[in-house]
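Residue-level structure breakdown
What follows is the residue order along each chain.
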Amino acid sequence: MSSAEGVVLVIGCGMRPYREYLLASAGHRHPLWLFNGTEPTWQERYVVGGTVLDLQDRDAVLAAARAVDAKTPVLGVVSWDEALIVTAAHVADELGLPGAGISAIEGCRDKWLNRRTLTAAGVAQPDFGFVQDEEQAVRVADRIGYPVVVKPRGGGASIGVSFAEDAEAVRKAFRTAEDASFGGSPAYRGGALVEEYLTGPEISVDGAVVDGEYTPMFVAHKTVGMHPYFEELGHLVSSADELLADPALRSTLARAHTAIDFRYGITHTELKLTERGPVIVEINGRLGGDLIPLLARFATGIDPGAAAVDVALGMRPHIPHEAEPRWVGVRFGYPKQDCVVESVSVPGSMRDNGVLTADALVEPGARMRLPPAEFISRHAYVICAGSDPDDCEVVLDKAMAQVRLTAHPLLPSVAAGG
């Protein structure tokens, strides 16, 4: 199809290491027009055109979308950037295109609104309370019972999220969450959510919604660390995952999406598998991050970038059902202390080492700070395949042992921003 027959708008594209594969597959599926905050560089090969503008100015984005549509029909809108999904919903609404609906995307982006909506619909989730100060946070935690989780109202990627076992830890966690909230959208700044800590394995499910009907596409099993924070250290995905057919999980996911009235789009839902069944942690109105969709492509044959375009066009995505059974995982490398990077090297992909791909995520000279000063301070990743979850973890361990970070410590005054 030529661009003269119509384009799909992509609003924001994200960092190259994390999102290039999505832009590439989306561009292969349909001609794309990119809205970006800077002049395109590596993105140019995947799009037929673009507009450079302030993506935080919603009125400017809407005006630009109308201008593109006046010249070349805009047939769909896609965004996998958490900070831009509400704007993308407004664009779809403005142009009369398939979309989740503004209220549904707000119901994903605003975690407090999401909790209230799911509670009203009787969907299983943790006990919670939204608070404006430290003392209120302690009172809510006392009511819920320790331990608790404290998080920003509108964050993503577990930024600013921490575990608290007592009142003093809750006060510290509130400060961390509220500080993190000021790094995001103005609509969700200030305050924090205090929630019941759920025990059990944590998973995420990326699913497609077409005309209100939810279909799970792939499950990822999450590993977190850096207690009391929840840094996402790795994920595992498989086409043979039995959870995809689990009736309780499928029912919970379908009811949650119905509750927020999500119409068209891709979502990334995080859940805990507890003794009382699957419990919703949060619903994100976009494809998953952390290279999870790339794991799915390797493991299941699903092309998430193409799926996002299909759903934006109002069509059901292609979901293969006969992929070779295997497990594919990602592991992220973190420094042991705040540091200045000198060099990073990663293992190559060879026939017998199970490594599918690996790359550095920072350049020499980068300053890396660990939580709570900064989050997602990763210097490299490896993606590996194995015959089962345990085998995949062993291969990931071996690959991570070959990652080399050369760095020198970041002095305390520099680490603090002085």
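Description of the structure in this document. Model, not experiment: these values are computed from the prediction. (Residues numbered from 1 in each chain as written. Predicted model: local features only at pLDDT ≥ 70, side-chain atom pairs only at ≥ 80, totals over all residues. Heavy atoms only, no water.)

**Quick word on the pairing of strand β15 (residues 339–345)**
In this sheet, strand β17 (residues 367–368) lies alongside β15 in antiparallel orientation, the contact comprising two bridges. The residue of β17 that forms the bridge with C339 is M368. With six bridges joining them, β15 and strand β19 (residues 404–409) adopt antiparallel strand pairing. Bridge pairing links V340 to H408 in β19. (Pairing = 2+ DSSP bridges. Helix = DSSP H or I, 4+ residues; strand = E, 2+ residues; numbered from the N terminus.)

**Overview of the state of the cysteines**
Under the criterion given, the structure shown has zero disulfides. Here C392 is not disulfide-linked; the sulfur of C384 is the nearest cysteine sulfur, at 6.6 Å. (Disulfide = S-S within 2.5 Å.)

**A word on the packing of helix α1 (residues 16–29) against helix α9 (residues 292–300)**
In contact at an axis separation of 8 Å, α1 and α9 are set at 55° when each is read in the N-to-C sense. When the axes of α1 and α9 are compared, the pair comes out oblique. Residues R19, Y21, L22 and S25 of α1 form the contact with α9, whose participating residues are P293, L294 and R297. Here the contact of α1 with α9 is composed, by residue class, of four nonpolar, one polar and two charged. (Axes fitted to C-alpha atoms, helices over the stretch in contact; angles between N-to-C directions. Parallel < 35°, antiparallel > 145°, perpendicular 65-115°, else oblique. Contact = heavy atoms within 4.5 Å. Nonpolar A, V, L, I, M, F, W, Y, C, P; charged D, E, K, R; others polar.)

**Overview of the pattern of salt bridges**
Any two side chains of opposite charge can pair, so long as their charged atoms come close to each other. Under the criterion given, the structure shown has 25 salt bridges. A salt bridge links E82 to R109; the shortest N-O distance between them is 3.4 Å. Remark: R109 occurs in helix α4 (residues 102–109) and E82 occurs in the loop between β4 (74–78) and α3 (85–95); sequence separation between them is 27 residues. An identical accessibility class is assigned to E82 and R109; each is buried. Of the charged contacts in the structure, one is a salt bridge between K222 and E202, with a shortest N-O distance of 3.1 Å. Taken together, the positions of K222 in strand β10 (residues 213–225) and E202 in strand β9 (residues 202–210) put the pair 20 residues apart, joining distant regions of the chain. Note on K222: relative accessible area 13%, which makes it buried. We classify E202 as buried; its relative accessible area is 16%. Among the charged side chains, a salt-bridge network with shared partners connects K111, R115, K151, E195 and E282. (Salt bridge = Lys/Arg side-chain N within 4 Å of Asp/Glu carboxyl O. Buried < 20%, exposed > 50% of the residue type's maximum accessible area, 1.4 Å probe, protein only.)

**Re the packing of α1 against helix α10 (residues 304–312)**
In contact at an axis separation of 7 Å, α1 and α10 are set at 50° when each is read in the N-to-C sense. Here α10 runs oblique to α1, going by the angle between their axes. Between α1 and α10 lies a crossing of right-handed hand. Judged by residue contacts, L22, S25, A26 and R29 of α1 engage P304, G305, A306, V309 and D310 from α10. (Left-handed = near helix turned anticlockwise from the far one by under 90°.)

**Overview of the environment of P293**
Within the secondary structure, P293 sits in helix α9. Taking the C-alpha atoms as reference points, P293 and D303, separated by ten residues in sequence, lie 7.9 Å from one another. Sequence-distant contacts of P293, that is, excluding residues within four places in its chain, are made with R19, Y21, L22, D206, F218, L287, G288 and P304.

**Looking at the packing of aromatic side chains**
As enumerated under the stated definition, the model contains four aromatic pairs in all. Ring centres of Y18 and F332 lie 6.4 Å apart, and the angle between their planes is 40°; on these two criteria the pair is classed as tilted. Remark: F332 occurs in strand β14 (residues 327–333) and Y18 occurs in helix α1; sequence separation between them is 314 residues. You'll find Y18 and F332 in the same group, each marked buried. Between the aromatic rings of F163 and Y197, the centroid separation amounts to 5.0 Å while the plane-to-plane angle is 85°, which identifies the pairing as edge-to-face. Taken together, the residues span a long stretch of sequence, with F163 in strand β7 (residues 162–164) and Y197 in the loop between β8 (192–196) and β9 at a distance of 34 residues. By relative accessible area, which is 13% here, F163 ends up buried. Y197 gets classed as partly exposed once you look at its relative accessible area, which sits at 29%. (Phe/Tyr/Trp six-rings, centres within 6.5 Å; stacked < 30°, edge-to-face > 60°.)

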